[in-house]
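Secondary and tertiary structure notes
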Amino acid sequence: MKTIITCLLLIGSLAACKKTASTPEKQTISELSIYNLETEWENQEGEKIQFKDLQGNVLVVVMIYTSCKAACPRLVADMKNIQKAVGKSSGKPIRYVLVSIDPKKDTPPKLKEFSIENNMTDSHWLFLRGTEETTREFANTLAVKYKEISPIDFSHSNIISVFDENGDMKFQQEGLGLDNKEIVKKIQQTAGGEQKTTS
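One structure accompanies this document, and this report is about it. What you see is a predicted model; the values in this text were computed from it and never measured.

**Observations regarding the side chain of arginine 129**
Tracing the backbone through its elements, the reader meets arginine 129 in strand β6 (residues 125–129). A polar side-chain atom of arginine 129 sits 2.7 Å from the main-chain carbonyl oxygen of proline 103.

What follows is the structure in structure tokens.
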């Protein structure tokens, strides 16, 4: 009887060890992580998401508006050039996120149309719009300043930000048409794994 009890205890211990070993550890999120933001957004497909839904991805983020004729087309070109230079990662997945500063006009259908016009329809491209309040809150997180200067125009900062898989900011690049080598290197380091340049 004693032997049977000992065997049962041993089997129970082994099962518990096996369960513990196969359970993935939950990543700790810092106080500064954007995944702490509980705001809700709509993507170009009209789906509602929160930033915490993107945890596990390296994020490359820029704020634009689709009717912009000056800085935004250059920011979009910079994002496309960066994505091409970074290539495909065998490490952590990378998402390129464009957040609208004009949520009234940049509806999901408008964002979808913009993504098609700019050949940004692959799964690594994500377009988001929130409310005026959530957009302002997120802009403050990125230190992006913007101001409506007419019913169809905004003045705004030109900043591209890189976040790691836990939502912590790792790098920012400010300006237009800059040499992207530094930000590309930072994205690749943050994602880890080998990079394969896309054609």
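**Examining the packing of aromatic side chains**
What the rule picks out here adds up to seven aromatic pairs. Ring geometry for phenylalanine 51 against phenylalanine 138: centres 4.7 Å apart, planes inclined by 15°, an arrangement best described as stacked. Highlighted residues: phenylalanine 51 in the loop between β2 (48–49) and β3 (58–64) and phenylalanine 138 in helix α4 (residues 132–142), separated in sequence by 87 residues.

**Considering the sheet that holds β3**
Here we have seven strands laid out as an open sheet, ordered β2-β1-β6-β5-β3-β9-β10, and mixed in their pairing. The strands lining the two open edges of the sheet, one partner per strand, are β2 and β10 (169–174). Here strand β5 (residues 94–100) pairs with β6 via four bridges, running parallel. Bridging across to β6, valine 99 finds its partner in leucine 128. Sheet strands touched by helix α2 (residues 71–86): β3, β5, β6 and β9 (159–163). Its angle to β5, the strand with the most contacts, is close to 175°. Here α4 sits on the sheet and contacts β1 (41–43), β3, β5, β9 and β10; the angle it forms with β3, its principal contact strand, is near 115°.

**What to know about unusual backbone geometry**
Of note in this structure, asparagine 119 is not a glycine but carries a positive phi near 55°. Along the chain, asparagine 119 turns up in the loop between α3 (108–117) and β6. Despite not being glycine, alanine 143 has its phi angle at roughly 65°, a positive value.

**Digging into the pattern of salt bridges**
According to the stated counting rule, one finds six salt bridges in the structure shown. Here aspartate 102 and lysine 105 are joined by a salt bridge, their closest N and O atoms 4.0 Å apart. Judged by relative accessible area, aspartate 102 falls into the buried class, the value being 6%. The partner of aspartate 164 in a salt bridge is lysine 170, with the nearest N and O atoms 3.7 Å apart. For lysine 170, a relative accessible area of 44% gives the class partly exposed. Bridged by salt links that share partners, the residues Glu42, Lys48 and Arg129 form one connected network.

**Considering the environment of alanine 143**
Inspection of the secondary structure puts alanine 143 in the loop between α4 and β7 (146–150). C-alpha separation for the pair alanine 143 and serine 161, spaced 18 residues apart in sequence, amounts to 9.9 Å. Once residues within four sequence positions are removed from consideration, alanine 143 is found in contact with Ser157 and Ile159.

Calculation criteria
Numbers given to residues run from 1 along each chain, matching the order in which its sequence is written. For a predicted model such as this one, the threshold for reporting local features is a pLDDT of at least 70, and the threshold for listing and counting side-chain atom pairs is 80 or more; totals across whole chains, interfaces and linings nevertheless cover every residue. By convention in this description, side-chain values take in all heavy atoms of the structure and omit both hydrogens and water. Strands are runs of DSSP state E lasting at least two residues, helices are runs of H or I lasting at least four, and both sets are numbered from the N terminus onward. Throughout this description, a polar contact denotes any pair of N or O atoms lying within 3.5 Å of each other; where both atoms belong to protein, one of them has to be capable of donating a hydrogen while the other can accept it, and for residues adjacent in sequence the pair is counted only when both atoms sit in side chains. The rule is short: rings of Phe, Tyr and Trp, with Trp giving its six-membered ring, pair when the centres are within 6.5 Å, and they are stacked under 30 degrees, edge-to-face over 60, tilted in between. Between any two strands, pairing holds if DSSP finds at least two bridges. For this analysis, residues touch if any pair of their heavy atoms sits within 4.5 Å. Lines fitted to C-alpha atoms define the axes here, with helix axes fitted over just the stretch in contact, and angles between the N-to-C directions of these axes take values from 0 to 180 degrees. Salt bridge criterion: a side-chain nitrogen from Lys or Arg within 4 Å of a carboxyl oxygen from Asp or Glu. The classification of residues rests on relative accessible area computed with a 1.4 Å probe and restricted to protein chains. Under 20% of the type maximum is buried, over 50% is exposed, and intermediate values are partly exposed.

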